[in-house]
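Close look at the chain arrangement
Single-letter residue listing:
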Amino acid sequence: MRKYLAFTRGSFMVGLVYRFGPLLSLIGNFIYLGVAYYLWHSIYKNSDTLRSMTFNETFLYVAIGSAVFILLKTYVDWEVSYEIREGIISTYMTKPLDYQTYILFTSLGQTLMSLMVITIPTLLIITLVFKVAIPLGMGTLLFPLSLLLAFVISFCFDYFIGILAFYTESVWGLSTTKEIIILALSGALIPLQFFPAKLQSILLLLPFQTIYHTPLMMLTKPDQDPQIFVSMLIVQVVWAVVLYALTRLFFEQAVKVLRIAGG
Amino acid sequence: MRSIGEYIRLYFIIEAQYIKARLQYRVDFIISSIGMFFSSLITLGVFWVIFDTVPDLAGWSLMEMAFIYAFYMIAISPMQIIFDHFWQLRFNLQQGNFLKYYFRPLNMMFYYTSEMFDLKGLTQLFVGTALLIYTASQLHVAWTFGRVGLLFITLFSAALVQISIVVLAACAAFWVLDSYPVLGLAWRLREFAPYPMSIFDGAFRFTFTYVLPIGFIAFYPSQIFLRPEEVSHLTYFSPVIGIGLFALTYWVWTKGVNSYTGTGS
């Protein structure tokens, strides 16, 4: 465990080198927040609550969702597929390292970096510029834990796409398709409450909602029955474990087709 | 100086060779096209979910929003299909292989642009065109010769706006080492183009109209076809904005090209 945490620290430090990037990401996110603010403002023009969500709750959900999106975008799929195509992956096999754990902890460092430079400033923008208060409660305390689980689940999807590079050269198409599916079905763009009821009940059975919907609900409606929070967390843990194990099995299968030119 | 006709002929020859070479990677083409197809539809999905809850958005119906979005998809396609090479400008500059573009008797922007033709972008163009035709017929847009002419002019200038924004951002690589964030931001801006500018007020509407004129990629020009009786006078400026912005971009590109000193090896 300790040796992997060293990788987390390393990639966190690398993140510190680039200061210009986060600033522009933050500007981009600020514009996005503005667009979301006005968009939902005009949706809420004639009503105080829609689908049992107030304007404040919906805006908070969407706004934090955009920060979580940047947080989870660690380009693991690109990195893994690059290392496979270039044959760099073989060097890990000779080291006393578990590849999946190594990648997980490296990307955790990046995520922690964006948590500091993107997510926290975004929260400040939400409260100070858009004057939307963040409610506090039990859910607020559980949010970091839920976010960590969301990170592991999102990592599994990225890692899976990355390993597909053992079979195909195209990362752009696979990565884009994966991202679109997750964004559309997880509540990242629109709170799941707004989806038609039938679709909503299907989406709640899929793993995607545990990446955005679960942590975002903890933050936007933090004073629900603790029982609800516990069951949400259990669903996340189950998906995290299942997906982590499945991608691990998939890697062991896929690595058999690996042929690397000598040299 | 070569004539425009000569350049067009040359472009077709270069692209024909490029496409032949790309056809080796068929799986890549299919997967990328699927990715493109899904990413074209996501915003439409967002609209669909929103309109499941509310009947209109600032007075615009789902069908009208879909028309604006179709216009948008077509308008951003030339950037995707023809100008895709600019995504790699920063690598070419850093690695020094940009120098080769100085040694051909061709316009440098033309030569650089011609080296890539993004086939997957055609998916977006087709989806956009199909959606435009469908929504226009649902909305009973009366197509006269004049209107069709206007459609081409407005699409052309909207495409120039999108191209200019991204190419300008790519040109940051001439002066800034880590220029990807600039490009990423410029690319992200386009996502905000298909929303009615009338939902914004104050600083945001001003910015999207005059500073980062993404309103001209879809919303302002499509008003001509959706609400001809209440077209904002700004709409008629769209060709001026498109051509003006592209001229500025070309000027910045030329500055960058002239200031580039290579990598020294």
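Refer to the preceding data block for the structure.
Sequence positions are assigned chain by chain, starting from 1 and proceeding in written order. Starting at A for chains and at 1 for ligands, labels are handed out in the order in which the entities are written. Given that this is a predicted model, residues contribute local features only at a pLDDT of at least 70 and side-chain atom pairs are listed and counted only at 80 or more, while totals for whole chains, interfaces and linings are drawn from all residues. The basis for the side-chain values is all heavy atoms of the structure; hydrogens and waters are excluded.

We now examine the overall build of chain B. Scanning chain B for helices and strands turns up 11 helices and zero strands. In chain B, the succession of α and β elements from N to C terminus is α-α-α-α-α-α-α-α-α-α-α. Only C-alpha atoms enter the radius of gyration, while the globule expectation follows 2.2 Å times N to the 0.38, with N the number of residues. On C-alpha atoms alone, chain B measures out to a radius of gyration of 20 Å, which is about the 18 Å that the 2.2 N^0.38 rule sets for 265 residues. Burial classes: relative accessible area under 20% of the type maximum marks a residue as buried, over 50% as exposed, and values in between as partly exposed (1.4 Å probe, protein chains only). Here chain B holds 265 residues, and 53% of them are scored as buried. Counting only contacts in chain B whose residues sit at least 6 apart along the sequence, the fraction spanning at least 24 positions is 77%. A 1.4 Å probe and the Shrake-Rupley method give the accessible areas. Residues count as covered only by the protein chains that appear here. Looking at chain B as shown, the accessible area adds up to about 12400 Å², and 68% of this sits on carbon and sulfur atoms. Secondary structure elements follow DSSP: runs of H or I no shorter than four residues count as helices, runs of E no shorter than two count as strands, and numbering proceeds from the N terminus. Here a residue-residue contact requires only that any non-hydrogen atoms of the pair lie within 4.5 Å.

Aromatic ring pairs are defined here through the distance separating the ring centres and the angle between the ring planes. Residues and elements named next belong to chain A. Side-chain rings of Phe, Tyr and Trp (the six-membered ring for Trp) are treated as a pair once their centres are within 6.5 Å; stacked means planes under 30 degrees apart, edge-to-face means over 60, and tilted covers the remaining angles. Summed over the entire model, instances satisfying the criterion amount to 57 aromatic pairs over all chains. Residues Phe 55 and Phe 59 carry aromatic rings whose centres are separated by 6.1 Å and whose planes lie at 15° to one another, so their mutual orientation is stacked. One end of the pair is Phe 55 and the other is Phe 59, both in helix 3 (residues 55-72) and four residues apart, which spans about a single turn. The two residues Phe 55 and Phe 59 agree in class, both being buried. Taking 6.4 Å as the distance between ring centres and 40° as the angle between the ring planes, the aromatic pair formed by Tyr 99 and Tyr 159 counts as tilted.

Residue and element names in this part refer to chain A. To obtain an axis, a line is fitted to C-alpha atoms, over the contacting stretch when the element is a helix, and the angle between two such axes runs from 0 to 180 degrees between their N-to-C directions. Two elements in contact, helix 3 and helix 10 (residues 213-220), have axes whose closest approach is 9 Å; the angle formed by their N-to-C orientations is 135°. With respect to each other, helix 3 and helix 10 are oriented oblique. For helix 3 against helix 10, the interelement crossing comes out right-handed. Across the interface between the two elements, Glu 57, Leu 60, Tyr 61, Ile 64, Gly 65 and Val 68 of helix 3 pack against His 213, Leu 216, Met 217, Leu 219 and Thr 220 of helix 10. Classifying every residue of the contact of helix 3 with helix 10 gives seven nonpolar, three polar and one charged. Oblique is the label for any angle not under 35 degrees, not over 145, and not in the 65 to 115 range, which are roughly parallel, roughly antiparallel and roughly perpendicular in turn. Each crossing gets its hand from how the near helix is turned against the far one by less than a right angle, where anticlockwise is left-handed and clockwise is right-handed. Here the term charged refers only to Asp, Glu, Lys and Arg, the term nonpolar to Ala, Val, Leu, Ile, Met, Phe, Trp, Tyr, Cys and Pro, and the term polar to all other amino acids, Gly among them.

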